[in-house]
Amino acid sequence: MKYLYRIYQLFVAVPVTVLVTIITAIEVGVGCAIGDGHFWGYYPGRWWARIITRVFLLPVNVVGSEHLEPNQSYVFVANHQGAFDIFLIYGFLGRNFKWMMKYQLNKIPFVGYACRKSHQIFVDKRGVGKVRQTYEAARHILETGSCSVVVFPEGARSFTGHMGTFKKGAFALADELQLPVVPLTINGSFDVMPRMRDWHFANWHPLSLTIHQPVYPIGQGGQNIQATMKQSYDSVMSAIVPEYQGYVENPDQ
């Protein structure tokens with residue numbers, strides 16, 4: 001069965017993924033140039049992610065959507081298991097948002113172009129000025145009241161499927177704007193395509209996304225940041241499958 005799945009990927013899933021990626025990038029670029037960037041910056045990407053997940057025949061289960069309030073901006077924070085995290089969140093979170101992503105992703109053909117045109121937030125740590133620009137861009141989006149941001153607070157994908165530590169940037173942003181943080185737990189992505197197997201065949205494995213209850217601010221300042229970060233970390237960890245429970249140091253953090 002494994003080899004049949006690989007043949008299917010080679011002749012069906014991968015060609016469809018490449019074609020859909022190119023079409024979506026052009027659609028996003030044109031749409032954002034002539035129309036509502038809020039719409040074109042999200043919905044084509046959402047369907048792109050859904051198509052790719054489906055074409056790889058990966059079953060998806062989402063729980064906890066009832067925890068989200070309509071028209072509320074959130075700072076979503078998720079564990080970062082693998083490349084398919086992107087498709088799972090983009091396709092199935094069900095909220096209009098912008099990604100906070102590494103600036104190096106800007107160089108990926110077509111994907112980088114679509115991200116630039118749709119004003120995704122590139123996290124650039126090459127100096128204080130660059131970090132400030134990143135922070136200001138995220139704050140501007142959240143202050144509109146009609147969009148959220150998604151952050152991987154570990155800052156890098158796992159090498160083991162286990163979580164590393166959380167960095168405080170996303171929580172400091174939520175603290176400044178007094179916005180709720182929503183923890184997200186991803187399961188299955190590491191089994192589909194672990195970091196060590198980028199650009200290799202994917203493995204068939206179910207994907208799941210758990211949307212936890214929002215963590216509301218208890219004040220403002222350092223104490224609130226630390227409390228929100230700890231509660232979010234514990235929430236994400238609580239829903240990880242037993243195989244990947246527990247902290248494991250990530251040398252890339």
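Residues numbered from 1 in each chain as written. Predicted model: local features only at pLDDT ≥ 70, side-chain atom pairs only at ≥ 80, totals over all residues. Heavy atoms only, no water.

Student: Any chance you could explain the sheet that holds strand 3 (residues 97–102) here in plain terms?
Tutor: Two pairing modes exist for strands in a sheet, parallel and antiparallel, and in both the strands are linked by backbone hydrogen bonds. A sheet is described by the order of its strands in space; here seven strands give the open sequence 1-7-6-2-5-3-4, paired in mixed fashion. A strand with exactly one partner marks an edge of an open sheet, and here the two such strands are strand 1 (60–63) and strand 4 (121–123). The mean angle between the axes of side-by-side strands here comes to 20°, regardless of whether they run parallel or antiparallel. Sheet topology places strand 2 (residues 75–78) next to strand 6 (residues 181–187); four bridges connect them, and they run parallel. Looking at strand 6, one finds that Val-77 is bridged to Pro-183. Against the sheet, helix 9 (residues 222–238) makes contact with strand 2 and strand 6, and its axis sits at roughly 25° relative to strand 6, the strand it touches most. (Pairing = 2+ DSSP bridges. Helix = DSSP H or I, 4+ residues; strand = E, 2+ residues; numbered from the N terminus. Axes fitted to C-alpha atoms, helices over the stretch in contact; angles between N-to-C directions. Contact = heavy atoms within 4.5 Å.)

Student: Please clarify how the packing of helix 7 (residues 169–177) against helix 9 should be interpreted in this entry.
Tutor: When two helices pack together, their arrangement is given by the angle between the helix axes and by the axis-to-axis distance. Contact geometry for helix 7 and helix 9: axes closest at 9 Å, N-to-C directions at 125°. Classified by the angle between their axes, helix 7 and helix 9 sit oblique to one another. Helix-helix and strand crossings are classified by hand; for helix 7 and helix 9 the assignment is right-handed. For the pair formed by helix 7 and helix 9, the contact residues are Phe-171, Ala-172 and Asp-175 on the first element and Asn-224, Ile-225, Thr-228, Met-229 and Ser-232 on the second. Looking at the contact of helix 7 with helix 9 residue by residue, the classes come out as four nonpolar, three polar and one charged. (Parallel < 35°, antiparallel > 145°, perpendicular 65-115°, else oblique. Left-handed = near helix turned anticlockwise from the far one by under 90°. Nonpolar A, V, L, I, M, F, W, Y, C, P; charged D, E, K, R; others polar.)

Student: Can you help me understand empty space enclosed by the protein in this one?
Tutor: To find the voids left in a structure, one rolls a probe of water-molecule size over its atoms. Throughout the structure, instances matching the rule amount to one cavity of 30 Å³ or more. Reported here for the largest cavity is a volume of approximately 40 Å³. Among the secondary structure elements, those contributing two or more residues to the lining of the largest cavity are helix 7 and helix 9. Among the residues forming the lining of the largest cavity, the class breakdown is seven nonpolar, two polar and one charged. (1 Å grid on protein atoms, 1.4 Å probe; cavity = no way out; pocket = protein on both sides within 12 Å on 5 of 7 lines; lining within 4 Å. Points joined across faces, edges and corners; volume = space filled by probe spheres on them.)

Student: What am I meant to see in the pattern of salt bridges here?
Tutor: Pairing is possible between side chains of opposite charge, provided their charged atoms come close. One pass over the full model with this rule turns up one salt bridge. Between Lys-230 and Asp-234 there is a salt bridge; the shortest N-O distance is 2.9 Å. Taken together, the residues span about one helical turn, with Lys-230 and Asp-234 both in helix 9 at a distance of four residues. For Asp-234, a relative accessible area of 38% corresponds to the partly exposed category. (Salt bridge = Lys/Arg side-chain N within 4 Å of Asp/Glu carboxyl O. Buried < 20%, exposed > 50% of the residue type's maximum accessible area, 1.4 Å probe, protein only.)

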